Each structure stands twice: as structure tokens, then as C-alpha cells.
Amino acid sequence: MSVHAIRVKNMLIFPIYKMRKFYDTKWTEEGERMQVYSDNGSLQNRYFSGTGSIGGIHLPDFQDKYVFTKKKSGVSEQEYRRQIRKQAYEDFAKGQFQNKSEGFNKLMKSYTSEVSPDRKGIIASGLKAVLGNRKKVLKPIDILATLLEGEVKYQKLPSGSSEYMEFYDKNGEMVATYSNNGWTMYTTNSEASRQTQMCMIYNEAWGNAKRGIPLADEEAGNVEHPQNRFDAKA
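These numbers were taken from a predicted model, which means no experiment stands behind them.

**Notes on the overall build of the protein**
From N to C terminus, the protein includes five helices and eleven strands. Summing over all exposed atoms, the protein offers an accessible surface of approximately 13,100 Å²; the carbon and sulfur share of this is 48%.

Here's what the structure looks like:
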């Protein structure tokens, strides 16, 4: 299907045909099936209240554990690795694993947000761009507006009763959609890679905790990695 776009004052007018699905993060080792962190579906068409609004549209809650936006903590990679291993040992002691643990979720949010796009800024500027343009027309429209950190695609359905928007970062990756009064967040490739990296560090430490290896030895690297596999179910 071909798409014909018309440029009007730095804006492209065109139809939107496709929706992207969530990026699902998986990790296996030597063919072993492991339980892994995944935010797939965690924020699918979620409605937020008490978060402020732009043009009558409620903003996402960026304090939510599954809503990531760019945030530099100043924590070094070495310190993050120490915190992840420590969290794995604490979770094993409590009979928890990965996102069953609030400590894990908080650490994952901080760790991932280091490489996240500025979703908060992209969504806010995108909504303002849409608000400014939809005030100028009285009929269903399709627009693409270029933002400082990305772009927004907007479609008002012929019925006029609902709207659909896609938000993209400067790399062209979709980071969020809005439809039917709800928000869906999409994981970027950098975020997915970061989440996988944390899971690998965590899973190894959790396995060492299950084997009875003291955290001090695990952190010092005085651990031999046996060929036998462990069951990740607590």
C-alpha cells in the first residue's frame, strides 16, 4: 500500500496504517528456559488520572514503575552491578524472583531510565503540537509534526469521537501510543538491551544465592560456574 504525503508548512499530512506491538525481552542460557523480566502488556491502554493534562488528555504517570523516561542518576555501572547482585540475594532469601520483587522493579526502572528516550518531553510537546493543529480544522485529519526530540503522528477518526496518536523518539522508534483515552508504552531497542543486561547479572547472582555461595564471594568473583542448571522458580 502506497502512502502519499503532502508537506504543509513543515508538516506532513498522511494516513496512519500500522501499530507496533510491544518489544518482548527474553533471555536463555545454554538452551535453558529462564523466567525473565518483561513489561510486555504492562501498560497496554492504561488510563491515568491525577497526572495533569494537555488539551483534555491525561498524561501518563511517569512515577509508575513501568513508565520509563530519560533520567540520569549519576550511579556508576560498577555500583549498579553491585546493587543488582545484592538485590538478587535479598530476593532469593524472600522467595522472590525478578518483577515479583518491588526492589527489583525499582532498580529496573532506574537502570533502564539511564538509556530511555525523553518520553515525558516527547509526549508533552507532541500533545501541544496536536492541540495547536486540531484547533485549525473542523474535519478528520491525519498529521505528522516534527518535534525537537522526535515526532508525533495524529489521526482523528471519521466519527470524530476518538483520536489515535503515535509518539516517536529522534531515532525513529515508537515510544508510546494514545487511543481510546488510554496510553500504551513501547520499549526501545536500547531499553530492551539494558533490561536484558540487568536480568543476566541478576539471574547469575540469584543462582549463586540458591547454590549457597556467600554474597561476598560472589561479588569478589570467586565463583566457579558449574555446568548444572538451576530452576529459576523460587
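Resuming the write-up.
**Section: the packing of aromatic side chains**
In this description, a pair of aromatic rings is defined by centroid distance and the angle of the planes. One pass over the full model with this rule turns up seven aromatic pairs. Three or more aromatic residues link up through ring pairs in this structure, and these residues are F92, F97, F104, Y202 and W206. Note that R194 overlies the ring of Y80, its terminal NZ or CZ placed 5.8 Å from the centroid. The side chain of R194 reaches across the aromatic face of Y111, ending 3.7 Å from its centre.

**Comments concerning the nonpolar core**
Among the nonpolar cores identified, the biggest contains 21 residues, and I123, L127, V152, M165, F167, A176 and W183 are the most heavily contacted of them. Mapped by element, the contributors of at least two residues to this core are α3 (119-134), β8 (150-156), β9 (163-169), β10 (174-179) and β11 (182-185). Broken down by element, the residue count for this core peaks at five residues, all from α3. In contact with I123, not counting residues within four places along its chain, are L59, P60, F62, F167, A176, W183 and M185.

**A look at unusual backbone geometry**
The residue Q98 is not glycine, and still its phi comes out positive at about 50°. Mapped onto the secondary structure, Q98 falls in the loop between α1 (77-94) and α2 (102-113).

**Focus: the pattern of salt bridges**
If the charged atoms of two oppositely charged side chains come close together, the side chains can form a pair. Applying the stated criterion across every chain, the model contains five salt bridges. Salt-bridge contacts for E90 lead to K86; the nearest nitrogen and oxygen are separated by 2.5 Å. Of this pair, E90 and K86 both sit in helix α1, separated by four residues, roughly a single helical turn. A relative accessible area of 34% means that K86 is categorised as partly exposed.

**Topic: the packing of α1 against helix α4 (residues 189-210)**
Two elements in contact, α1 and α4, have axes whose closest approach is 8 Å; the angle formed by their N-to-C orientations is 50°. Considered as vectors, α1 and α4 are oriented oblique to each other. For the element pair α1 and α4, the recorded crossing hand is right-handed. Facing α1, whose interface residues are E77, Y80, R81, I84, R85, Q87, A88, Y89, D91 and F92, α4 presents R194, M198, I201, Y202, A205, W206, N208, A209 and K210. Here the residues of the contact of α1 with α4 sort into eleven nonpolar, two polar and six charged.

**Focus: the packing of α2 against α4**
To describe two helices that pack against each other, one gives the angle between their axes and the distance between the axes. One way to put it is that α2 packs onto α4 with a least axis distance of 10 Å and a crossing angle of 135°. Classified by the angle between their axes, α2 and α4 sit oblique to one another. Pair α2 / α4 crosses with right-handed handedness. In contact with F104, L107, M108, Y111 and T112 of α2, α4 contributes E191, R194, Q195, Q197, M198, C199, I201 and Y202. Taken together, the residues of the contact of α2 with α4 sort by class into eight nonpolar, three polar and two charged.

**Some words on the pairing of β8**
Of all the seven residues making up β8, five are buried; the element is thus mostly covered by neighbouring parts of the structure. Examined bridge by bridge, β8 and β9 share seven bridges and lie antiparallel to one another. Each residue of the ladder has a partner; that of K153, found in β9, is E166.

Reading the values: rules and limits
Counting restarts for each chain: residues are numbered from 1 in the order of the written sequence. At least 70 in pLDDT is required for a residue's local features to be given in this predicted model, at least 80 for side-chain atom pairs to be given and counted, and no such filter applies to totals for whole chains, interfaces and linings, which use all residues. Side-chain measures here rest on the full set of heavy atoms in the structure, leaving out hydrogens and waters. A run of H or I in DSSP counts as a helix once it spans at least four residues, and a run of E counts as a strand once it spans at least two, with each numbered from the N terminus. Note on areas: Shrake-Rupley, 1.4 Å probe, and residue coverage restricted to the protein chains presented here. Centre distance within 6.5 Å is the pairing criterion for rings of Phe, Tyr and Trp, where only the six-membered ring of Trp is used; planes under 30 degrees apart are then read as stacked, over 60 as edge-to-face, and the remainder as tilted. Whether a charge sits over a ring depends on NZ of Lys or CZ of Arg being within 6 Å of the ring centre and within 35 degrees of the ring normal. Only buried Ala, Val, Leu, Ile, Met, Phe, Trp, Tyr and Cys residues count toward a nonpolar core, and they belong to the same one when joined by side-chain atoms within 4.5 Å. Relative accessibility under 20% of the residue-type maximum defines a buried residue, over 50% an exposed one, and the middle range a partly exposed one, all with a 1.4 Å probe and only protein chains included. Throughout, a contact is declared for two residues whenever any of their heavy atoms are within 4.5 Å. Salt bridge, as applied in this entry: a Lys or Arg side-chain nitrogen positioned within 4 Å of an Asp or Glu carboxyl oxygen. Helix axes are fitted only over the stretch in contact, all axes being lines through C-alpha atoms; the angle between N-to-C directions runs from 0 to 180 degrees. Oblique is the label for every angle not falling under 35 degrees (roughly parallel), over 145 degrees (roughly antiparallel), or within 65 to 115 degrees (roughly perpendicular). By convention, the crossing between two helices is left-handed when the near helix turns anticlockwise from the far helix through less than a right angle, and right-handed when the turn is clockwise. Under this grouping Gly is polar, as are all residues other than the nonpolar Ala, Val, Leu, Ile, Met, Phe, Trp, Tyr, Cys and Pro and the charged Asp, Glu, Lys and Arg. The rule for pairing is simple: two strands pair if DSSP sees at least two bridges between them.

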